[in-house]
Amino acid sequence: MSDHSHDLPFWKKYIFSVDHKMIGIQYTVTALVFLAIGFGMMLVMRYQLAYPNQPIPVIGQFLGEPIVAAVENPDTGETGYVLTGDGYNSFGAMHGTIMVFLAIVPLAVGGFGNFVLPLQCGAPDMAFPRLNMASYWTYLPGGILMMFGFFVKGGAANSGWTSYPPLATIATTGQTIWLLGMVILITSSLLGSVNFIVTVVQLRAKGLSFFRLPFFAWAQLVTAFLLLLAFPPLEAAGVLQLMDRVAGTSFFDPGGLIVSGVEQNTAGGGSPLLWQHLFWFLAHPEVYVLILPGLGIISEVIANNTRKPLWGYKSLVYSAIFLGFMSFIVWAHHMFMTGMGTTLSTFFQATTMIISVPSVIILTCLIISLWGASIRFTVPMLFALAFLPMFGIGGLTGLPLGLTASDIHLHDTYYVIGHFHYVVAPGTIFAMFAGIYYWFPKATGRKMNEWLGRIHFAGSFVFINAVFMPFFFMGMASVLRRQFDQTETLHGAAVQGLSVMSTWGAFGLAAFQLPFVFNFFWSIFAGERVGANPWHATTLEWSAPSPPPHGNFLSEPVVACGPYEYSVPGEAEDYTMQSPPPATA
Amino acid sequence: MSAAATEIPYDMEPHPLTRMYNGKFGIWLFLASEIMLFGALFSSYVLLRVGAPEGTWPIIGAPTVLGHEILNVPLAALNTVILISSSVTMLMSWYYLKENKFSRGQFFLLMTVLLSCGFLVVKYFEYNSKLHHYLVEFDAPLVVDGEQVSYSRTYPTAEGERTVHYLHGHITETVKDEDGYVEYYKFAADARKPDHGHAHDDGADHGDSHAGAHPEIELRPSDYRRMSNWGPAGSTFTGIYFTLTGLHGLHIVGGVVVMVYFLLTGGSMWKKLPDKYANRIECTGLYWHFVDLVWIFLFPVLYLL
Amino acid sequence: MAANAEAHQAELKKYLMVFGALLVLTAVTVGVSYIPWLAANHVLAIAVALLVAGVKGSLVACYFMHLLDERGMIFWILALCVLFFITLLLLPVVTSSEVVAGHADKLYGVGK
């Protein structure tokens with residue numbers, strides 16, 4: 001039965017594939033490429049921040065106008081290429097956009113969700129395979145369109161990833177492209193999320209009740225609902241801003257705006273705050289879109305490597321649902337500084353504190369799961385173990401930002417940058433690495449090299465902290481985010497050393513990604529061959545062969561028990577699979 | 001290869017939990033997200049309207065804040081009837097397909113397509129009349145032959161009160177110089193509407209019937225501060241009107257594309273899997289009724305209130 | 001079979017009745033907007049127009065989209081959606097009460 005897929009022509013099997021596994025791999029690879037691009041932009045920006053207005057070594061000459069400007073060194077006569085302020089703004093806006101919308105969400109949801117979710121549900125494929133393909137093929141053009149912004153006059157979008165008007169309304173053409181790209185990406189994620197929800201609800205295997213779903217599937221389900229219901233308001237906002245820019249409306253413009261001494265000829269009467277509300281109505285749930293799949297992956301890895309059931313599985317599930325629900329009513333904590341009245345600030349401060357409760361429950365459950373376990377320190381487990389404290393730091397540093405009194409001081413400083421990067425970089429991205437190492441054998445039938453993985457982990461763990469830890473101190477020293485050159489201010493110059501440290505951390509981090517890149521490609525062809533269940537895991541994806549054939553399972557899986565039946569007393573093995581594969585496999 | 005293993009469950013038969021087949025559940029989820037999309041836009045509409053400075057909604061100089069000061073209610077009411085009818089023909093199409101009467105089903109699908117095209121044609125005329133109606137703002141009162149022809153309206157802004165001198169009307173002729181630049185417009189101004197009472201006639205074209213009230217004015221580009229048609233840039237109201245109805249119109253166009261596809265390919269699908277084809281029409285219908293439902297709210301909100 | 005055909009006839013009849021009701025309600029909502037005293041009383045006019053639109057929308061959802069015949073899960077999803085929709089509709093309230101009282105006109109020029 002497995003050989004049907006081999007009859008397909010190349011372009012149907014690898015390019016316009018409707019198989020969820022191939023689409024998942026396409027998403028993963030594309031998202032990793034975007035991750036690398038976003039990371040590269042960050043390196044250039046960090047170089048500028050550590051060594052303001054110094055020529056960018058090596059790659060400076062390839063960046064081109066208006067990102068860099070040629071400057072002649074008066075002493076040596078050599079031409080160097082210095083990052084311009086506009087270039088910095090473009091890179092800053094695009095770094096955020098790429099990382100959030102083109103790298104992490106597609107990796108976490110499009111990549112892992114697509115590959116793992118139908119397998120974990122015991123389904124032969126997604127509910128709508130062609131819609132799934134359409135989702136990828138709208139994501140990729142949307143991403144390329146956004147990158148195309150760099151080639152129009154004025155460069156790519158340069159109003160920050162939040163695109164606040166009126167700055168964004170009067171920005172260069174790149175912003176229009178950003179908005180168009182955004183609308184396309186939203187369409188893509190909408191197609192994806194409908195597919196995910198239908199798959200989880202309708203395509204679960206026999207005996208796989210909701211409370212026998214692995215936590216990863218739950219996390220993806222909640223994430224899909226967030227994408228489904230939170231993205232449309234941003235789409236609406238994007239359409240409105242597009243109208244402002246293209247059709248001359250003034251939804252976000254109260255009128256009388258003066259640009260370069262010229263009053264803008266608009267009807268006026270709009271509200272710049274409208275954008276912020278619509279944007280954050282999406283972007284706060286988006287935070288949970290970023291972290292929930294990560295938490296799901298970490299739960300799988302921890303249960304598997306502690307060889308015992310997750311502690312408090314139901315609490316995890318209820319927390320994730322509650323988290324998803326609450327994330328819709330906390331958005332204005334991003335806007336405390338807009339002149340909001342105290343009553344409302346108090347409301348949003350309260351909901352923000354409430355939403356931290358389920359996050360803490362999830363983290364606590366995962367930490368308690370470690371208790372009394374004989375832990376296998378595999379590479380995925382190392383990343384998972386590092387994830388726990390890193391996510392803890394990221395989460396706990398968020399509390400002062402959710403309290404109005406302290407937010408007044410910390411708002412828009414590097415402290416905020418440090419906070420959300422700890423959640424997303426050593427948090428979600430570490431979870432993504434754990435997931436890649438964990439499910440690589442399922443996708444390819446081969447394991448990634450263990451020692452290269454350990455080197456990758458150790459270096460990343462050290463240097464990622466070197467990148468982001470200084471941000472907290474810089475933020476508390478009032479260094480503002482999005483600043484081109486912090487040495488221009490006295491307080492910024494005083495902590496410039498921290499900025500240099502962060503930059504060198506970033507270069508170290510880059511260096512330690514090389515073992516991963518090598519390992520990834522090398523293992524596809526030469527990694528150690530493994531069987532269907534190399535980690536001795538219990539969930540359904542490990543009942544299918546590695547790599548799973550078209551249609552996934554050799555026989556229809558029937559589920560007899562919960563997802564984390566490890567070390568069940570009286571069993572021959574220390575794991576009881578939800579649906580043991582047929583004996584012949 | 002065993003077909004059973006790769007067949008997706010609940011593709012045709014309803015799932016015991018949701019009592020829907022996959023496609024129907026999917027389309028409902030899609031509609032949920034559409035509710036959020038239009039919800040956000042409705043919300044923006046309310047916010048903009050509540051925040052609009054007095055005298056600028058729906059457009060500067062309008063005697064009341066009602067949308068029909070500048071919109072055409074009879075045409076929109078006609079469109080409402082057209083769209084509701086198209087919803088019914090859509091239902092009939094599905095009904096006859098379930099009855100196993102393919103050609104009747106296709107006939108009603110064709111009716112739906114025709115009705116939606118009718119909707120778009122009416123919309124075209126509405127848009128067109130807006131795009132040919134102009135608002136001109138001046139820094140100072142416009143005086144022609146010693147007589148002030150512009151009106152004025154004062155409203156509060158961040159810098160204190162602001163007085164706008166304005167005219168509404170149509171450009172009857174554009175005169176260009178030899179370099180192709182506009183030298184002046186011949187402009188037929190609308191007669192001033194009474195600031196009280198209710199002008200329920202067709203707001204879009206009232207200018208024509210009273211064009212004689214003012215002589216044609218010659219407007220040079222240096223005379224005015226801003227000139228805009230009643231298109232998206234005319235005022236916040238026309239902006240949100242065009243955005244909401246435009247987005248709704250795009251939904252209509254999308255629906256028409258899908259229905260035309262089914263009209264063309266339905267025959268072969270029907271021969272192979274008649275039930276599946278009926279299901280597809282049902283899903284299309286659900287979407288179509290939703291588009292109808294959005295219009296049912298758009299109509300009073302934009303035109304009547 | 002005959003009973004089945006009869007049930008189908010009844011279904012068709014139901015659609016046409018709902019269609020009639022929708023046409024009547026359209027006429028009503030246009031008609032009442034021409035009543036001068038109602039238009040002058042703005043809050044009432046908004047309430048009436050939205051009420052009529054709500055009834056029309058419910059008719060479409062319940063009968064054309066067969067929401068009445070659906071069960072279970074989709075209701076919860078739509079309820080969630082409606083809840084967030086209402087949250088969104090609160091945006092204007094949130095925005096207009098955002099400014100510390102007494103400073104609205106200075107900041108935005110839109111306060112009363």
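These numbers come from a predicted model, not from an experiment.

**Quick look at the overall build of chain A**
Helix and strand counts for chain A stand at 19 helices and six strands. A compact globule built from 585 residues would reach a C-alpha radius of gyration of about 25 Å, and chain A, at 24 Å, matches this within 12%. Counting only residues that meet the buried cut, chain A has 63% of its 585 residues in that class. Restricting to contacts in chain A with at least 6 residues of sequence separation, those with at least 24 account for 78%. Positive and negative charge centroids in chain A, built from 21 and 27 side chains respectively, lie 12 Å apart.

**Re the overall build of chain B**
Across its full length, chain B carries seven helices and eight strands. Counting all 305 residues of chain B, 58% fall into the buried class. For chain B, the proportion of contacts with a sequence separation of at least 24, taken over those separated by at least 6, is 71%. By element, 58% of the accessible surface of chain B is carried by carbon and sulfur atoms, the whole surface being about 12,000 Å².

**Considerations on the interface of chain B and chain C**
With 55 residues of chain B in contact, the opposing surface of chain C contributes 51 residues. For the pairing of chain B and chain C, the buried interface totals around 4,600 Å² over both sides, and the portion due to carbon and sulfur atoms is 78%. Counting the contacts that link chain B with chain C gives two salt bridges. Of the charged contacts in the structure, one is a salt bridge between Glu-11 of chain C and Lys-98 of chain B, with a shortest N-O distance of 3.6 Å. Viewed at the interface, chain C and chain B are joined by three residue pairs in polar contact (both at pLDDT 80 or more).

**So, the pattern of salt bridges**
All names here are of chain B. One pass over the structure, following the stated rule, counts 15 salt bridges over all chains. Where Lys-24 meets Glu-282, a salt bridge forms, and the shortest distance between an N and an O atom there is 3.2 Å. With Lys-24 in helix 2 (residues 22-51) and Glu-282 in helix 7 (residues 274-304), this residue pair connects regions lying 258 residues apart in the sequence. The buried category is assigned to Glu-282, whose relative accessible area is 10%. Among the salt bridges present, the one from Arg-225 reaches Glu-137, with a minimum N-O distance of 2.6 Å.

**Considering the interface of chain A and chain B**
Accessible area lost when the parts come together is the quantity often used to give the size of an interface. The partner chain B presents 41 residues to the 47 residues of chain A that form the contact. Both sides together, the interface formed by chain A and chain B hides about 3,400 Å², and carbon and sulfur atoms give 72% of it. Here chain A is connected to chain B by zero salt bridges. Between chain A and chain B we count seven residue pairs in polar contact (both at pLDDT 80 or more) in total. Of all the secondary-structure elements, those providing two or more residues to the side of chain A that touches chain B are helix 6 (129-148), helix 7 (174-202), helix 8 (215-247) and helix 9 (272-306) of chain A. Looking at the side of chain A that touches chain B residue by residue, the class counts come to 29 nonpolar, 13 polar and five charged.

**What to know about the pairing of strand 2 (residues 79-83) of chain A**
Residues and elements named next belong to chain A. Across five bridges, the pairing between strand 1 (residues 68-72) and strand 2 is antiparallel. The residue of strand 2 that forms the bridge with Ala-70 is Tyr-81. Where strand 1 hands over to strand 2, the hairpin turn is made up of six residues, of which Gly-77 adopts a positive phi near 80 degrees.

**A look at empty space enclosed by the protein**
Applying the stated criterion to the full structure yields six cavities of 30 Å³ or more. Estimated volume of the largest cavity: approximately 190 Å³. Lining the largest cavity are 17 residues, with Tyr-27, Val-105, Pro-106, Ser-188 and Ser-189 of chain A sitting closest to its centre. When contributions to the lining of the largest cavity are tallied by element, the ones reaching two or more residues are helix 5 (85-121), helix 6, helix 7 and helix 8 of chain A. Grouping the amino acids of the lining of the largest cavity by side-chain chemistry returns 10 nonpolar, seven polar and no charged. There is about 120 Å³ of room inside the second largest cavity. Every residue lining the second largest cavity is listed: Leu-66, Leu-304 and Leu-305 of chain B together with Thr-29, Val-32, Ser-33, Leu-38, Ala-39, His-42, Ala-45, Val-48 and Ala-49 of chain C. Every element with two or more residues in the lining of the second largest cavity is listed here: helix 1 (2-32), helix 2 (36-40) and helix 3 (42-64) of chain C.

**Some words on helix 10 (residues 313-326) of chain A**
The periodicity of an α-helix, 3.6 residues per turn, causes residues three or four places apart in sequence to face the same way. All names here are of chain A. Taking 1.5 Å per residue, 14 residues should reach 20 Å; helix 10 reaches 20 Å between its end C-alpha atoms and fits that length. All of the buried residues in helix 10 are Tyr-313, Leu-316, Val-317, Ser-319, Ala-320, Leu-323, Gly-324 and Met-326. Elements that come into contact with the buried residues of helix 10 comprise helix 8, helix 9 and helix 11 (342-369).

**Focus: the packing of helix 8 of chain A against helix 4 (residues 73-89) of chain C**
At a closest axis distance of 11 Å, the pairing of helix 8 of chain A and helix 4 of chain C adopts a crossing angle of 30 degrees. One way to sum up the angle between helix 8 of chain A and helix 4 of chain C is to call them roughly parallel. Regarding helix 8 of chain A and helix 4 of chain C, the two cross each other, and that crossing is right-handed. Of the residues in helix 4 of chain C, those touching helix 8 of chain A at Phe-225, Leu-229 and Pro-233 of chain A are Ile-77, Leu-80, Cys-81, Phe-84 and Leu-88 of chain C.

**Some words on the pairing of strand 8 (residues 226-229) of chain B**
Residue and element names in this part refer to chain B. The alternating pattern of strand 8 places Arg-226 and Ser-228 on a buried face and Met-227 and Asn-229 on a face that is not buried. Across four bridges, the pairing between strand 1 (residues 134-138) and strand 8 is antiparallel. Paired with Glu-137 across the strands is Arg-226, a residue of strand 8.

**Focus on the environment of Thr-352 of chain A**
Residues and elements named next belong to chain A. Within the secondary structure, Thr-352 sits in helix 11. The exposure class of Thr-352 is buried, given its relative accessible area of 9%. Among residues more than four places away in sequence, those in contact with Thr-352 are Val-330, His-333 and Gly-402.

**Things to note about the confidence of the model for chain B**
Residues at a pLDDT of 70 or more form 89% of chain B, whose mean pLDDT is 86. The low-confidence segment residues 194-212 of chain B, where pLDDT is below 50, has 25 contacts with residues more than four positions distant or belonging to other chains.

**Thoughts on the side chain of Thr-428 of chain A**
All names here are of chain A. Mapped onto the secondary structure, Thr-428 falls in helix 15 (residues 414-444). On the basis of relative accessibility, which here comes to 0%, the residue Thr-428 falls in the buried class. Here Leu-290 takes part through its backbone oxygen, which lies 3.2 Å from a polar atom of the side chain of Thr-428. If we skip the residues at most four places from it in the chain, Thr-428 touches Ile-104, Leu-290, Ile-291, Phe-387 and Val-423.

**A closer look at the packing of aromatic side chains**
Two numbers describe a pair of aromatic rings. These are the distance of the centres and the angle of the planes. Overall, the coordinates contain 75 aromatic pairs over all chains when judged by the stated rule. Taking 5.9 Å as the distance between ring centres and 85 degrees as the angle between the ring planes, the aromatic pair formed by Phe-262 of chain B and Tyr-277 of chain B counts as edge-to-face. A residue pair is termed long-range when its members are at least 10 positions apart, and Phe-262 of chain B in helix 6 (residues 236-272) and Tyr-277 of chain B in helix 7 qualify at 15 residues. Here Phe-262 of chain B and Tyr-277 of chain B have matching classes, each one buried. By way of ring pairs, the aromatic residues Phe-383, Phe-430, Phe-433, Tyr-437, Phe-440, Phe-457, Phe-461, Phe-516, Phe-520 and Phe-521 of chain A are connected into one cluster.

Cut-off values and rules
Residues numbered from 1 in each chain as written. Chains lettered and ligands numbered in written order. Predicted model: local features only at pLDDT ≥ 70, side-chain atom pairs only at ≥ 80, totals over all residues. Heavy atoms only, no water. Helix = DSSP H or I, 4+ residues; strand = E, 2+ residues; numbered from the N terminus. Rg over C-alpha atoms; globule rule 2.2 N^0.38 Å. Buried < 20%, exposed > 50% of the residue type's maximum accessible area, 1.4 Å probe, protein only. Contact = heavy atoms within 4.5 Å. Lys, Arg positive; Asp, Glu negative; His and termini not counted. Charge placed at Lys NZ, Arg CZ, Asp CG, Glu CD. Areas by Shrake-Rupley, 256 points an atom, 1.4 Å probe, with all protein chains shown as cover. Buried area = accessible area lost by both parts, 1.4 Å probe. Salt bridge = Lys/Arg side-chain N within 4 Å of Asp/Glu carboxyl O. Polar contact = N/O pair within 3.5 Å; in protein donor to acceptor, adjacent residues only side chain to side chain. Nonpolar A, V, L, I, M, F, W, Y, C, P; charged D, E, K, R; others polar. Pairing = 2+ DSSP bridges. 1 Å grid on protein atoms, 1.4 Å probe; cavity = no way out; pocket = protein on both sides within 12 Å on 5 of 7 lines; lining within 4 Å. Points joined across faces, edges and corners; volume = space filled by probe spheres on them. Expected span 1.5 Å × (residues − 1). Axes fitted to C-alpha atoms, helices over the stretch in contact; angles between N-to-C directions. Parallel < 35°, antiparallel > 145°, perpendicular 65-115°, else oblique. Left-handed = near helix turned anticlockwise from the far one by under 90°. pLDDT = per-residue confidence, 0-100. Phe/Tyr/Trp six-rings, centres within 6.5 Å; stacked < 30°, edge-to-face > 60°.

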